[in-house]
Amino acid sequence: MKKEYIIGTRNSSLALKQCEILKAKLSSKFPELEFKIKEISTTGDRERDKKFSEINVEGIFIREIEYALLAEEIDLAVHSFKDLPTKLPAELEVAAVVDRANRYDVLAGAENKLAELAKGARLGTGSLRRKSQLLAYRPDLEIVPIRGNIETRLKKIKTHNLDGVILAAAGLERLGYKEQITEYLAPEICLPAARQGAVAVEIRKEDSKLKEILKTIETEKNNLEVWTEHSFLAEMEAGCHAPVAAEAIIENKTLTLTAAVGEIDGSRIIKKVAKTKKLDLDSVRSLAQKLAVKVKQAGAAEIIKNLKSN
Ligand SMILES: NCc1[nH]cc(CCC(=O)O)c1CC(=O)O
């Protein structure tokens, strides 16, 4: 059996933090194994100044990391599951989902809560999902497109004269910026992205020993919730930058999946809910696929098609 495994990741502070979380979990369960971290620079990290519309965005934060996996330069790749395309190279798979942090979006670095911000307040976000829902809630807001890692986006509040930025709670909490959070946004106002806050571990499919190791650090509830959201997104065929939101929560032995797709200008949000008491992977996947078909039929297919052709 192999004694040393190499974990590859982007070199952003959040990616490294997520690697440390995984490494700590694995090292405490398998003290006889050694896990090393290798940083890999991706196109997404290098082309920071370009807008997403100027580059082929699908997978820009992960492509180089997947090449390293395929070339066996690394054995595990750690990603924010949210950023992972739903279709992976045939030789690779997500072998485990670990450590889901708070999955909601927050308003950060603002002086007031979202409802109390002045008319026409300027909020920074590059996410079409966030823009769509924020404008549906408050059409007077000015949404300013920003990119960059979490530290960069927080700095842009000052440099771009913003009243706040919208970010994932997970990233801010993991990096110790909790004091920057002004308000956790309720899912009724800003439903999070499918898989937000979850850390995914991608490996080579053939690496069955590693798969066994990873299975021991998963939890069933987390798994069911995250794969429900993943199946919904996969069935939408929308990519991770589309205005698509999904949240699956297990409470009182019932899984509730809420999903939304919006026009970017907030003029319309299509939202649907499905519930099941059958808590196994096959059942929740099929629930998610059925809901996606309904959401597409209700108008989301057209919204996504128009986005792709623009
Ligand atoms: N798209 C960038 C990205 N990818 C993962 C996170 C944060 C962690 C997570 O959502 O899992 C972020 C930043 C953000 O959306 O605020």
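We now turn to the structure provided with this report. The model shown is predicted, which means the values in this text are computed figures rather than measured ones. (Residues numbered from 1 in each chain as written. Predicted model: local features only at pLDDT ≥ 70, side-chain atom pairs only at ≥ 80, totals over all residues.)

Attention now goes to the environment of L69. Relative to the helices and strands, L69 resides in helix α3 (residues 63-70). Take L69: there are 24 C-beta atoms within 10 Å of it, and that puts it in the buried class. Residues L69 and I7, 62 residues apart in the sequence, show an inter-C-alpha distance of 9.4 Å. Contact partners of L69, with chain neighbours within four places excluded, come to G8, I74, A77, L92, E202 and R204. (Helix = DSSP H or I, 4+ residues; strand = E, 2+ residues; numbered from the N terminus. Buried ≥ 20, exposed ≤ 12 C-beta atoms within 10 Å, placed from the backbone. Contact = placed C-beta atoms within 7 Å.)

Moving on, we get to the nonpolar core. Counting 80 residues, the largest nonpolar core has V201, F232 and L257 as its most contacted members. At eight residues, helix α9 (residues 281-309) tops the list of elements feeding residues into this core. Those residues in contact with L257 that lie beyond four places of it in its chain are T228, F232, A246, A248, V273, A274, L287, A288 and L291. (Core = buried A, V, L, I, M, F, W, Y, C linked by C-beta atoms within 7 Å.)

Moving on, we get to the pairing of strand β10 (residues 199-204). With six of its six residues buried, β10 lies for the most part within the structure. Both strand β3 (residues 76-80) and β10 contribute to a ladder of four bridges, which runs antiparallel. Paired with A77 across the bridge in β10 is E202. Here strand β4 (residues 92-98) runs beside β10; their pairing, made up of six bridges, is antiparallel. In the strand pairing of β10, V97 is matched with A200. (Pairing = 2+ DSSP bridges.)

Before going further, it helps to examine the sheet that holds strand β11 (residues 244-251). What the three strands build is an open sheet, ordered β11-β12-β13; its pairing is antiparallel. At either margin of the open sheet sits one strand with a lone partner, and together these are β11 and β13 (269-276). Taking the axes of each pair of neighbouring strands and ignoring which way they run, one obtains an average angle of 10° across the sheet. Both strand β12 (residues 254-262) and β13 contribute to a ladder of eight bridges, which runs antiparallel. Bridge pairing links A259 to K272 in β13. Sitting on the sheet, α9 touches β12 and β13, and the angle it makes with β13 is about 165°. (Axes fitted to C-alpha atoms, helices over the stretch in contact; angles between N-to-C directions.)

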